[in-house]
Amino acid sequence: DTGVSQDPRHKITKRGQNVTFRCDPISEHNRLYWYRQTLGQGPEFLTYFQNEAQLEKSRLLSDRFSAERPKGSFSTLEIQRTEQGDSAMYLCASSLGVGEETQYFGPGTRLLVL
Amino acid sequence: GEDVEQSLFLSVREGDSSVINCTYTDSSSTYLYWYKQEPGAGLQLLTYIFSNMDMKQDQRLTVLLNKKDKHLSLRIADTQTGDSAIYFCAESRSNSNSGYALNFGKGTSLLVTP
């Protein structure tokens, strides 16, 4: 049984560098979501894919953030010119869609920007 | 966006019942979820309830929904030390753009003492 996986699990980078995270959803799940969680807070929605189409981006997703899901399977989230305020846990979730909307989360990628 | 509110901390003794409360503000919420997060980990789905239900029971877990008051609760029977974690309440509502993006509370930290 393969759940949602994310890579890397941890990333330490210097301010100004670019980072890219990968999410592999549960097989055949059509919907994929990215969330960001900062210390002491609940996750906050960033963006959503229906298959390969990115249908929604929250206002939290600045121009430095870009996400892709090129073949409707795995997704990448890139942060350019990282800032210390980008330090957070980045969570990916997927759901089957088509009436089954329960989201299953991956273990997250913890980013620390120095 | 709409706020989901939870009490931040709860302490119970092992073997007692725990009740974690949540209030939400969006009456159009379709699904309401409870997730569990252990330190440094992703979110584990515990249970969920459709908005047209009043109660759902799943082994030691009981979810109660009062739609009139927009109040959701999670009762854990016979609480064990392994139940110590942060519990998140989340609402989702259908939106053609954002799918079923989840709106989370800040989480309730449950501490179970021997």
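Above: the structure in question.
Residues numbered from 1 in each chain as written. Chains lettered and ligands numbered in written order. Predicted model: local features only at pLDDT ≥ 70, side-chain atom pairs only at ≥ 80, totals over all residues. Heavy atoms only, no water.

Trainee: Would you take a moment to explain the overall build of chain A for this structure?
Mentor: Along the backbone of chain A there are 0 helices and 11 strands. Each helix and strand of chain A, placed in order from N terminus to C terminus, yields the pattern β-β-β-β-β-β-β-β-β-β-β. Computed over its C-alpha atoms, the radius of gyration of chain A comes to 13 Å, within 12% of the 13 Å expected for a compact globule of 114 residues. Over its C-alpha atoms, taken along the principal directions, chain A stretches across nearly 40 × 25 × 25 Å. Out of the 114 residues in chain A, the part that is buried amounts to 46%. (Helix = DSSP H or I, 4+ residues; strand = E, 2+ residues; numbered from the N terminus. Rg over C-alpha atoms; globule rule 2.2 N^0.38 Å. Buried < 20%, exposed > 50% of the residue type's maximum accessible area, 1.4 Å probe, protein only.)

Trainee: Help me understand the pattern of salt bridges, please; the structure alone is not making it clear to me.
Mentor: It is possible for side chains bearing opposite charge to pair when their charged atoms get close. All names here are of chain A. All told, the structure shown has 7 salt bridges over all chains when counted by the stated rule. Residues D86 and R64 are paired through a salt bridge, measuring 2.8 Å at the closest nitrogen-oxygen approach. In this pair, D86 sits in the loop between β8 (75-79) and β9 (88-95) while R64 sits in the loop between β6 (53-57) and β7 (65-68), placing the two residues 22 residues apart along the sequence. Neither D86 nor R64 differs from the other in exposure class; each is buried. (Salt bridge = Lys/Arg side-chain N within 4 Å of Asp/Glu carboxyl O.)

Trainee: Please clarify how the sheet that holds strand β8 (residues 71-76) of chain B should be interpreted in this entry.
Mentor: Hydrogen bonds between backbone atoms are what pair the strands of a sheet, whose relative direction is either parallel or antiparallel. Residues and elements named next belong to chain B. The strand order β1-β3-β8-β7-β6 describes an open sheet built from 5 strands, whose pairing is antiparallel. Each of the sheet's edge strands pairs with one partner strand only, and the pair in question is β1 (5-6) and β6 (55-58). With 6 bridges connecting them, strand β3 (residues 18-23) and β8 associate as antiparallel partners. The residue bridging N21 from the neighbouring strand is S73, located in β8. (Pairing = 2+ DSSP bridges.)

Trainee: Sorry if this is basic, but what is going on with the layout of surface pockets here?
Mentor: Its boundaries defined by the atoms lining it, the second largest pocket holds a volume of some 420 Å³. Q37, T38, L39, G40 and R110 of chain A are, among the 26 residues lining the second largest pocket, the residues nearest its centre. Counting residues per element, the ones that place at least two in the lining of the second largest pocket are β2 (10-13), β9 and β11 (109-113) of chain A together with β9 (85-92) of chain B. The residue inventory of the lining of the second largest pocket, partitioned by class, reads 12 nonpolar, 10 polar and 4 charged. (1 Å grid on protein atoms, 1.4 Å probe; cavity = no way out; pocket = protein on both sides within 12 Å on 5 of 7 lines; lining within 4 Å. Points joined across faces, edges and corners; volume = space filled by probe spheres on them. Nonpolar A, V, L, I, M, F, W, Y, C, P; charged D, E, K, R; others polar.)

Geometric values such as these leave the question of function open.
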